[in-house]
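So you can see what is in the structure, the chains are spelled out below.
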Amino acid sequence: MEIILKQDIHTLGYKNDIVTVKNGYGRNYLIPTGMATLATPSARKMHAENMRQSAHKQEKIKNEALELAKKLEAVSLSIGAKTSTTGKIFGSVNNIQISEALAAQGFEIDRKVIAIKDAVKEIGKYTASVKLHKEVKVDIAFEVVSE
């Protein structure tokens, strides 16, 4: 079954994408909750017209994301955490702390678009990836230090 997404769905696709899903997932979850519509021939024509009209807006959003990515590449974060004498962290550093550290430097980034590759359980230097747009992704270096 092919559907047109009305909003971004993390594991499936982005808004206005035409994707193929299993019938039950589409009919029982995505369409009733308003996350998608059925990709009928008339809906495809409307979708193509909407995409043509919104191409300029999307280009502007992408350019803003690219500018923000250039600014974020120069950012170096230092996140404090309580640690043991051996350098192990009590708990872990996650995307919420990175989002708060970015907010302290003037960048309002939603925590949901920040992904940390490996679990941060020790003091050291790590990288986190921030997905600002479906085509713009930037890696941010951060250091975990003992408080």
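Please read all numbers here as calculations on a predicted model, not as lab measurements. (Residues numbered from 1 in each chain as written. Predicted model: local features only at pLDDT ≥ 70, side-chain atom pairs only at ≥ 80, totals over all residues. Heavy atoms only, no water.)

Enquirer: It is not clear to me how the sheet that holds strand S8 (residues 124–133) should be interpreted in this structure. Could you clarify?
Expert: Strand pairing in a sheet takes place through backbone hydrogen bonds and is either antiparallel or parallel in direction. Pairing is mixed in the open sheet, where four strands are placed in the order S4-S9-S8-S6. Of all strands in the sheet, those with a lone pairing partner are strand S4 (76–81) and strand S6 (114–116), marking the two edges. Averaged over all pairs of adjacent strands, the angle between their axes in this sheet comes to 35°, without regard to strand direction. The sheet contact formed by S8 and strand S9 (residues 136–146) spans nine bridges and is antiparallel. Paired with Ala128 across the bridge in S9 is Ile140. (Pairing = 2+ DSSP bridges. Helix = DSSP H or I, 4+ residues; strand = E, 2+ residues; numbered from the N terminus. Axes fitted to C-alpha atoms, helices over the stretch in contact; angles between N-to-C directions.)

Enquirer: Just checking my understanding: could you explain unusual backbone geometry for this structure?
Expert: Most peptide bonds adopt trans geometry, and most residues besides glycine take a negative phi value. Backbone geometry at Asn16 places phi at a positive 70°, although glycine is not the residue there. Checked against the element boundaries, Asn16 lands in the loop between strand S1 (2–5) and strand S2 (18–20).

Enquirer: Explain the UniProt feature "domain: Ribosomal protein L9" (unreviewed entry) in the protein to me, please; I cannot follow it from the model alone.
Expert: In this numbering, the UniProt entry assigns the feature "domain: Ribosomal protein L9" (unreviewed entry) to residues 13–40. For residues 13–40, the helix share is 29%, the strand share is 21%, and the end-to-end C-alpha distance is 19 Å. (UniProt positions renumbered as here; feature names shortened; annotations may be inferred.)

Enquirer: Would you mind going over the pattern of salt bridges with me for this structure?
Expert: Pairing is possible between side chains of opposite charge, provided their charged atoms come close. Across all of its chains, the model carries six salt bridges by this definition. The residue Asp17 makes a salt bridge to Lys134 at a minimum N-O spacing of 3.9 Å. Of the two residues, Asp17 is situated in the loop between S1 and S2 and Lys134 in the loop between S8 and S9; the sequence distance between them amounts to 117 residues. Here Glu49 makes a salt bridge to Arg52, at a shortest N to O gap of 2.6 Å. (Salt bridge = Lys/Arg side-chain N within 4 Å of Asp/Glu carboxyl O.)

Enquirer: Please explain the pairing of S9 as it appears in this structure.
Expert: It is a general feature of regular strands that their side chains alternate between the two faces of the sheet. Bridging between S4 and S9 involves six bridges; their strand directions are parallel. Looking at the pairing, Ser78 lines up with Glu143 of S9. Between the end of S8 and the start of S9, which pair antiparallel, lie two residues.

Enquirer: It is not clear to me how the sheet that holds S1 should be interpreted in this structure. Could you clarify?
Expert: Spatial strand order, S2-S1-S3: three strands in an open sheet with antiparallel pairing. Unpaired on one side and paired on the other, S2 and strand S3 (36–38) mark the two borders of the sheet. Neighbouring strand axes in the sheet, compared pairwise and without regard to direction, differ in orientation by 40° on average. Relative to S3, S1 runs antiparallel, the two being bridged by three bridges. Considered in S3, the bridge of Ile4 is made with Thr37. The sheet strands contacting helix H2 (residues 41–73) are S1, S2 and S3, and the helix crosses S1 at an angle near 35°. (Contact = heavy atoms within 4.5 Å.)

Enquirer: Mind showing me how you'd approach the side chain of His47 here?
Expert: Mapped onto the secondary structure, His47 falls in helix H2. Look past the residues within four positions of His47 in its chain and what remains in contact with it is Ile4, Asn16 and Ile18.

Enquirer: Explain the layout of surface pockets here, please?
Expert: Any space left empty among the atoms is revealed by the rolling of a water-sized probe across them. In this structure, the largest pocket spans a volume of roughly 1,100 Å³. Lining the largest pocket are 34 residues, with Asp8, Gly13, Tyr14, Lys15 and Lys134 sitting closest to its centre. When residues of the lining of the largest pocket are traced back to their parent elements, those giving at least two are S1, H2, S6 and S8. No other element matches the ten residues that H2 contributes to the lining of the largest pocket. A per-class count over the lining of the largest pocket returns 13 nonpolar, ten polar and eleven charged. Looking at which domains feed residues into the lining of the largest pocket, each of domain 1 (2–64) and domain 2 (75–146) gives three or more. (1 Å grid on protein atoms, 1.4 Å probe; cavity = no way out; pocket = protein on both sides within 12 Å on 5 of 7 lines; lining within 4 Å. Points joined across faces, edges and corners; volume = space filled by probe spheres on them. Nonpolar A, V, L, I, M, F, W, Y, C, P; charged D, E, K, R; others polar. Domains from an automatic or database assignment.)

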